Amino acid sequence: MAGTPPEQLKEADPALRGSIDQTLRDSGADHFVEDDTVFLKFHGIYQQDDRDARRTGKQYQFMVRTRQPGGRVSPEQYLAYADLAQQYANGTLRVTSRQGIQFHGIAKHGLSSTIRGINEALATTLAACGDVARNVMAPPTPPTSVVGEDVQNDADLLSGALLPQASAYHEIWVEGVKLDLGEKERVVDPLYGATYLPRKFKTAFVIPPLNDTDVLTNCLGFIAVAEDGRLSGYNLAVGGGLGRAHGKTETFPRLADVVGYFPRERIVEIAKAVLAIHRDWGDRTNRRHARLKYVLEDRGVDWFRAELEARVGFALAPVRHYELTNQGDPFGWKRQRNGKWMLGLHVEAGRIKGSLFRALREIVLRHRPAVRLTASQNLLLVDVAPGAVRAIDGILGGVGVQADAQGSAVRRASMACPALPTCGLALAESERWLPEALDIVEKTLEDVGLDGDEIVVRITGCPNGCARPYMAEIGLVGRAPGKYQLWFGGNHAGTRLNRVYRETVRTDELADTLRPVFQRYALERAEGERFGDFCSRSIWAGANALQSAAA
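If you're wondering where the values come from, they're calculated on a predicted model, not measured in any experiment. (Residues numbered from 1 in each chain as written. Predicted model: local features only at pLDDT ≥ 70, side-chain atom pairs only at ≥ 80, totals over all residues. Heavy atoms only, no water.)

Novice: Account for the overall build of the protein chain, with residues named and values stated.
Specialist: Scanning the protein chain for helices and strands turns up 17 helices and 20 strands. Since a compact globule built from 551 residues should have a radius of gyration of about 24 Å, the 23 Å found for the protein chain is in line with a globular shape. Seen through its C-alpha atoms, the protein chain measures out along the principal axes to roughly 70 × 60 × 55 Å. Out of the 551 residues belonging to the protein chain, those deemed buried represent 57%. A separation threshold of at least 6 residues defines the contact pool for the protein chain, and within that pool the share at least 24 residues apart is 67%. Summed over its atoms, the accessible surface of the protein chain is roughly 21,600 Å², and 48% of this surface lies on carbon and sulfur atoms. If the 68 positive side-chain charges of the protein chain are averaged to one point and the 67 negative ones to another, these points end up 1 Å apart. (Helix = DSSP H or I, 4+ residues; strand = E, 2+ residues; numbered from the N terminus. Rg over C-alpha atoms; globule rule 2.2 N^0.38 Å. Buried < 20%, exposed > 50% of the residue type's maximum accessible area, 1.4 Å probe, protein only. Contact = heavy atoms within 4.5 Å. Areas by Shrake-Rupley, 256 points an atom, 1.4 Å probe, with all protein chains shown as cover. Lys, Arg positive; Asp, Glu negative; His and termini not counted. Charge placed at Lys NZ, Arg CZ, Asp CG, Glu CD.)

So this is what it looks like as structure tokens:
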């Protein structure tokens, strides 16, 4: 065997079984051995410990993530999730930046019941994590045309086509059926092979001009092309990804290349071929260099296009015209095409908790709206009957939520990852610091006469970029407790990366660091110019922009 330790584990046990079942049956064990944590990720589970609660040792708990193509959640699923969160997790649900649901704070003895309950709700956690194609993202809003319906259908189709057939998942969590380990061909996945992918693989759909899934940050992106009111096909985007490591210049965020157009009916073979290129050419010796983005960066777009065309047996057509102009979610009540109503709700850092948790459960139980999870960690209640609008407003008003007044523009556009205390990669706070950080941003904007302006602020506790900080107008990336790397200059279309403005800024320095930049923005911006565009045009202009701006 060769490659990194995870590669060796996958090759030795392609069913992804490990000793998970034995540990589950051991009532005296509160956690799994390190090797099994690799397999658990494929099952949608992360083993974590509460760093706030460390006294005499680690306090183990688990995070479970669901796979929800396009962020679509039925009323029955949402109610099941709410009940599971109260019974086995910490009483909250978290909307992820990839349109899934995360349960936090599950003890080992509650894992089996949680995952069984998710499957009984006709959902799954399989391939929500791990070296596989993760949850397929798609526009969450109800379709306003046949094109939207077709895109959502294609997202569902592709989610099923890219789902691994890991036998141990159903054996352990659902069916309890033992597999004959002597028949290895039964456990080797026909698409992924014995060692699956070198790293995770992310897929998203988008319908221009709205870039509500940050499509260019994905390994594989499908940009819808409509002709005569129908979906004709997709422009193919490949090689996006944001993960990096501090001090490792060989790691970097990268936007996907748009490499060509193909007709809609070829989508499954295109997707499988792109995944197979990652499988066969991705770096299995260095996990920091194992994403598809590095295959594109190292080998080039022309090589990739030729390799893809050889695998699918036809040539990509030239890229069809498209334009991405903005991102973000709808808030408040909106009329749907079918005559029903949709309500967009801001969920700070994606965490559904407390009175909002209780109110949403009551709304879904009484009125049965479907739920849509957005890529910006917000939530939509859709297909609401006209007669239920006033009742839903009343339930939300009872917990202090007004549909037409959901916080400031800065807060509605913000994102944060969970970070401390449970994420093992976190170097600094993120979700817990977000409210204070936004207070600082808003107060500083007010000081220079810009109160009410929308600026996209995203915070992560480490450089892996789960909340996509490298696309934000202001990105704060954790370096150490109370210290962050400060990035400026992403655009509202989601088509430009930002750049480092300060390598390290302390939380108590943030206001003083932002104030002179905001003052320049207030005085020098062009008519209608957003903060990220101003930074790109003004602060980053010139060869020595970074040094002069940060001085």
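Still to come is the rest of the account.
Novice: Residue-level account of the state of the cysteines, with values.
Specialist: What makes a disulfide is a covalent bond joining the sulfur atoms belonging to two cysteines. Evaluated as defined, the whole model comprises 0 disulfides. With no disulfide of its own, Cys462 lies 5.9 Å from the sulfur of Cys423, the closest cysteine sulfur. Residue Cys462 is classed as buried on the basis of its relative accessible area of 9%. A disulfide-free cysteine, Cys466 has its sulfur positioned 6.1 Å from the sulfur of Cys417, the nearest such atom. (Disulfide = S-S within 2.5 Å.)

Novice: Before we move on, can you summarise helix α14 (residues 434–447) with the specific residues and values?
Specialist: The end-to-end C-alpha distance of α14, which contains 14 residues, comes to 20 Å, matching closely the 20 Å that a straight helix rising 1.5 Å per residue would cover. Turning to α14, its buried residues number three or more, namely Leu434, Ala437, Leu438, Ile440, Val441, Thr444 and Leu445. On an axial view of α14, the arc spanned by its buried residues comes to 155°, and they lie on one face. Elements in contact with the buried residues of α14: α13 (409–412), β16 (415–416), β17 (457–460) and α15 (510–524). (Expected span 1.5 Å × (residues − 1). Arc of directions from axis to C-beta.)

Novice: I'd like a description of the packing of aromatic side chains, backed by residues and values.
Specialist: For the structure shown, the criterion picks out 19 aromatic pairs. Residues Phe252 and Tyr294 carry aromatic rings whose centres are separated by 5.2 Å and whose planes lie at 80° to one another, so their mutual orientation is edge-to-face. Placement of the pair is Phe252 in the loop between β9 (230–238) and β10 (257–263) and Tyr294 in helix α9 (residues 292–299), with a sequence separation of 42 residues. Pairing Phe488 with Phe531 gives two aromatic rings, centres 5.4 Å apart and planes at 85°, and the pair type is edge-to-face. You can see Phe488 sitting in strand β19 (residues 483–488) and its partner Phe531 sitting in helix α16 (residues 531–539), a full 43 residues away along the chain. (Phe/Tyr/Trp six-rings, centres within 6.5 Å; stacked < 30°, edge-to-face > 60°.)

Novice: Can you break down the confidence of the model for the protein chain residue by residue, with the values?
Specialist: Confidence in the prediction of the protein chain, expressed as mean pLDDT, is 94, and 96% of residues score 70 or more. Considering only residues more than four positions removed or in separate chains, one finds that residues 543–551, a stretch of pLDDT under 50, has 9 contacts. (pLDDT = per-residue confidence, 0-100.)

Novice: Describe in detail the packing of helix α11 (residues 354–367) against helix α12 (residues 389–397), supporting the description with residues and values.
Specialist: Remark: α11 packs on α12, axes separated minimally by 9 Å, with the N-to-C direction vectors making an angle of 160°. By the angle class used here, α11 and α12 are roughly antiparallel. Handedness of the α11/α12 crossing: right-handed. Residue-level inspection shows Leu356, Ala359, Glu362, Ile363, Arg366 and His367 of α11 in contact with α12, the latter providing Ala391, Ile392, Ile395 and Leu396. (Axes fitted to C-alpha atoms, helices over the stretch in contact; angles between N-to-C directions. Parallel < 35°, antiparallel > 145°, perpendicular 65-115°, else oblique. Left-handed = near helix turned anticlockwise from the far one by under 90°.)

Novice: Go over the sheet that holds strand β13 (residues 351–352) with me, naming the residues and quoting the values.
Specialist: Sheets are built from strands paired through backbone hydrogen bonds, the pairs being either parallel or antiparallel. Taking strand neighbours across the sheet as the criterion, the 5 strands line up as β1-β2-β5-β4-β13 in an open arrangement whose pairing is antiparallel. Here the strands that pair on one side only, and so sit at the sheet edges, are β1 (45–49) and β13. Where β1 meets strand β2 (residues 60–65), 5 bridges bridge the pair, whose relative direction is antiparallel. Its bridge partner lying in β2, Gln48 is registered against Gln61. (Pairing = 2+ DSSP bridges.)

Novice: How would you summarise the side chain of Arg351 if you had to cite specific residues and measurements?
Specialist: Among the secondary structure elements, Arg351 is positioned in strand β13. Judged by its relative accessible area of 13%, Arg351 is buried. A polar side-chain atom of Arg351 sits 2.8 Å from a polar atom in the side chain of Glu431. (Polar contact = N/O pair within 3.5 Å; in protein donor to acceptor, adjacent residues only side chain to side chain.)

Novice: Explain the pairing of strand β11 (residues 332–335) to me, and be specific about the residues and the numbers.
Specialist: With 4 bridges joining them, β11 and strand β12 (residues 341–345) adopt antiparallel strand pairing. When the sheet's bridge partners are listed, Lys334 is paired in β12 with Met342. If you look at the hairpin formed by β11 and β12, you'll find 5 residues sitting between the two strands, and Gly339 has a positive phi there, around 90°.

Novice: Describe in detail the sheet that holds strand β6 (residues 133–137), supporting the description with residues and values.
Specialist: If you trace the 5 strands from one edge of the open sheet to the other, you get β6-β7-β8-β9-β10, paired in mixed fashion. Each having just a single partner strand, β6 and β10 make up the two edges of the open sheet. Across the sheet, the mean angle separating the axes of adjacent strands is 20° when strand polarity is ignored. Where strand β7 (residues 201–206) and strand β8 (residues 220–227) come together, 4 bridges link them in parallel fashion. Paired with Ala204 across the two strands is Gly221, which belongs to β8.

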